[in-house]
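Fold and geometry: a report
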Amino acid sequence: MMTTNEDSSKWWQQAVVYQVYPQSFQDSNHDGIGDLNGIINKLPYLKKLGVDVLWLNPIYKSPQVDNGYDISNYYELNSDYGTLDDFKHLLDEAHQNEIKIILDLVVNHTSDQHEWFKQSKKSHDNEFANYYIWKDPGENGELPNNWGATFGGPAWTYVPERKQYYLHSFAPEQPELNWEEPKLRAAIYKMMRYWLEFGVDGFRMDVISLISKRQDFPDADDSYAYSKRYYAGASNGPRVHEFLQEMNREVLRNFNTLTVGETPNTNSDQAILYTDVDRHELNMVFNFDHMHIDYGKRGKFDNKRFNLVDLKRVFTEWQDKLSDRGWNSLYWSNHDQPRAVTRFGSEKYRIESAKTLGTVLHMLKGTPYIFQGEELGMTDAKFDLLADYQDIETKNIIDLYQQEGLPEDYIKEVAYLRSRDNARTPMPWTSESPYAGFSDVRPWIKMNPNYPEINVADALKNKTSVFYHYQKLIALRHELPVIVEGKYTLYDADNEDVFTFTRTANDGTMLLVIASFSESVLTYSVPEKLVGNQQWQVLLDSSASEIDFNSQLTLQPYQSIVFMTTN
Ligand code: GLC
Ligand code: CA
C-alpha cells in the first residue's frame, strides 16, 4: 500500500491517522463506557475506511478529572477500558490488519493521585521531592506569579505539608512535572520504552510545548493573567528542544514510530524546529492557528464565525513555511474541539460541506487526522440542559458566565458551538434507539440527538455518503505521490467564498482544488494562469454533478472539485 515514498522511514507522511476517543467509541460490556474490546469489534469498519494509524486518547489509569489526561499510573490501564491482555489483543488484531496504533503521552503533568505526587508533596527531601514544580509563597503568602490555569483560577495551589505552591497549567488535580529533574526524565523515557516494546507505534504528545519552563517564572502580561492563559513563561521554553532531542536519543530513534506533538502557542517558525528531520525531535506537531480564527472577545467560548480569507491565510502560512523543512499535521477537529461541519461548514448543507472539508484537508500537504465521526459528517450536539455537559472546561465556563450574569441563551449557544463535549458524544453506529448501537445501557455522556439521521449503518448503505468520500480521499493519498509531496500554491487569496489551490509534483503532475464554502450557487472564474494549456481531468467531485473543466465553473453550495493533469 505504501508505495509513494522511497524512504520508508517516512511512512507517516503517507499515512492517514484516525483518532479514537475510547470512552465514546463502542461499549462491548454493557456499562455505558467505550472500551478496548469495542475498538477491536470495529476494526473491520476502520479497515474499510482505509486508515493507517489509530491514535487512542489516554487509556491509562486515571481518576478521570480531565477524561484521562490526569494519569495516576503510566503502566496500568483504566480498568473501564479493559486489561493489558485486551490491549495486546487490540494491537495484534490491528497490526494483522496493517493498522498501527499510537498512544497519548501525557508527560507535562500527572494526576495528583500519582504515587510520585503523593510522595513529592510530603516533604522537601524525599526521592520525588523535585519531580514537580514547587515554589515558596511570597512574604504575605502570595502566589509565586500571576499565571492562570487553563480551566480557570490561578495556576498555583498551596500544600500545607510542604508550605509551598505547586504549578498546574490545567486543573489543580493535574500537577506539572519538573523536567529540570534528570531522574524524572529518565523515568519518562523508561515508560516510553516500555510501551514501544509492548508494540505501540508511536505517540501523540500532550501539550509537549509546555514541558520546559523559564526558570525565572516571570509574571505574564495582564492579558494572560488568571483564567486567561499561563503560556507566557511556560510555552516553548528554553530547554524544550534539548529535552526532545534527548528523548529522541534515549527512546525514539530505536523504534519506527510516528510522533506528533500537541504544541499550543507555537508558531510556524517554531514548528520547523520541532519537525525538521535533521534535528531529530518530532515528526510533526498540531498547530492551533486555524483553531483561533474564530476566537472572539471572550476567547474560545464565543459565538464568532470564522472567515474563509483568514482560514486560507493560516493554512497557506503553514503550508509555505513547512514546505521544505518540517512536516505538517492536518486536522479540523479533535476531542478538544467542536465538530467540523458546524464550525467550518454548514449544517444546512451538511453532507456537501462535510465532503468539501474532507477534500480541502486531505489535499493539503501533511498528514491528515480524522476525528471519529468526522467521516460521517457529524455535527455539534444540541443538549437540552446545561447540566448535560460533562467536560471540566465547559462546566467551569458555564459557572463563570453565570457568575458574570450572561444570559442563559447565550451560554447555551456558546456551549453548543464550542464545548469539547460536542466531540465526545458516543459514536452512532446505527439508527436504533436509544443508544445507536454504541451501548445497550445509558452512556456516560448523552448521545447526539441526531443519530437517527447521522450514523454508520446508514452511511455504509449509501454510496454517496460522506463515509465513501473519505474512503476515496484516503485511497487517493495512497495512490498518488503528488498528494504526499506536491508543492502547494494558493490562488485567489481574497476570494471570500472559494478556496483554490494547486499541488505540483517534481514530475509536473498537478492537482487543482476548487472548493466552495458558500451556501449559494456561484459562478467561479478559474484564475487565468490555470486555464492555459493544461488538460484538467476531474479526479474527485463532492457532488454528483458531471462537471467538466471550464474557465467559468458553476459551483453548487459547498461543492468542491479536484482536477488533475499530468502534462
Ligand atoms: C491537551 C488535551 C486536553 C487536555 C489538556 C490537559 O490539550 O488534548 O484534552 O485537557 O491537554 O492535559
Ligand atoms: Ca464498556
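All figures in this text were calculated on a predicted structure; none of them were measured in a lab.

Considering helix H6 (residues 240–250)
Buried within H6 we find Val240, His241, Phe243, Leu244, Glu246, Met247 and Asn248. On the buried face of H6, the contacting elements are strand S5 (100–105), helix H5 (182–198), strand S9 (202–205) and helix H7 (268–275).

Side note on the nonpolar core
Core analysis: the largest hydrophobic core is formed by 136 residues, its most contacted members being Tyr18, Leu54 and Phe87. By residue number, the principal contributor to this core is H5, which donates 9 residues. Looking at which domains feed residues into this core, each of domain 1 (11–109 + 182–387 + 427–469) and domain 2 (487–565) supplies at least three. What phenylalanine 87 contacts, discounting residues up to four positions off in sequence, is Leu36, Leu56, Ile59, Leu77, Leu103, Trp195, Phe198 and Val200.

Side note on the site of ligand 1
Taken together, 14 residues are adjacent to ligand 1, and Asp66, Asp206, Glu262, His335 and Asp336 come closest. At 2.9 Å, a side-chain N or O of arginine 204 approaches an oxygen atom of ligand 1. Within the complex, 96% of the 300 Å² of free accessible area of ligand 1 lies under protein. Residues belonging to the shell around ligand 1 are distributed by class as follows: 4 nonpolar, 3 polar and 7 charged.

Side note on the sheet that holds strand S16 (residues 510–516)
The pairing of strands in a sheet happens through backbone hydrogen bonds and is either parallel or antiparallel. Within the open sheet, the 5 strands sit side by side as S14-S15-S16-S20-S18. Their pairing is antiparallel. With partners counted over all chains shown, the strands left at the sheet margins are strand S14 (487–491) and strand S18 (537–541), one partner each. Direction aside, neighbouring strands of the sheet carry axes that sit 20° apart on average. Bridge analysis of strand S15 (residues 498–504) against S16 gives 7 bridges, and the strand direction is antiparallel. What sits directly across from valine 498, in S16, is serine 516.

Some words on the side chain of glutamine 23
With respect to the helices and strands, glutamine 23 occurs in the loop between strand S1 (17–20) and helix H1 (36–41). Not counting chain neighbours up to four residues away, the residues in contact with glutamine 23 comprise Ile33, Gly34, Gln64, Asn67, Tyr81, Phe438 and Trp444.

Some remarks on the packing of helix H3 (residues 84–96) against H5
Where H3 contacts H5, the two axes come as close as 11 Å, and the packing angle between them is 55°. The pairing of H3 with H5 is recorded here as oblique in orientation. Every residue of H5 that contacts H3 at Leu84, Phe87, Lys88 and Leu91 is listed here: Tyr194, Trp195 and Phe198. Of the residues belonging to the contact of H3 with H5, the class tally is 6 nonpolar, no polar and 1 charged.

Notes on the environment of glutamine 471
Structurally, glutamine 471 is set in helix H15 (residues 466–479). The class for glutamine 471 is partly exposed, based on a relative accessible area of 26%. Residues glutamine 471 and valine 51 lie 420 residues apart in sequence; the distance between their C-alpha atoms is 8.4 Å. Excluding its chain neighbours within four sequence positions, the residues that come into contact with glutamine 471 are Lys48 and Leu49. Looking at glutamine 471, its side chain comes within polar contact range of the main-chain oxygen of lysine 48, at 2.9 Å.

Calculation rules
Residues numbered from 1 in each chain as written. Chains lettered and ligands numbered in written order. Predicted model: local features only at pLDDT ≥ 70, side-chain atom pairs only at ≥ 80, totals over all residues. Heavy atoms only, no water. Buried < 20%, exposed > 50% of the residue type's maximum accessible area, 1.4 Å probe, protein only. Helix = DSSP H or I, 4+ residues; strand = E, 2+ residues; numbered from the N terminus. Contact = heavy atoms within 4.5 Å. Core = buried A, V, L, I, M, F, W, Y, C linked by side-chain atoms within 4.5 Å. Domains from an automatic or database assignment. Near = heavy atom within 4 Å. Polar contact = N/O pair within 3.5 Å; in protein donor to acceptor, adjacent residues only side chain to side chain. Areas by Shrake-Rupley, 256 points an atom, 1.4 Å probe, with all protein chains shown as cover. Nonpolar A, V, L, I, M, F, W, Y, C, P; charged D, E, K, R; others polar. Pairing = 2+ DSSP bridges. Axes fitted to C-alpha atoms, helices over the stretch in contact; angles between N-to-C directions. Parallel < 35°, antiparallel > 145°, perpendicular 65-115°, else oblique.

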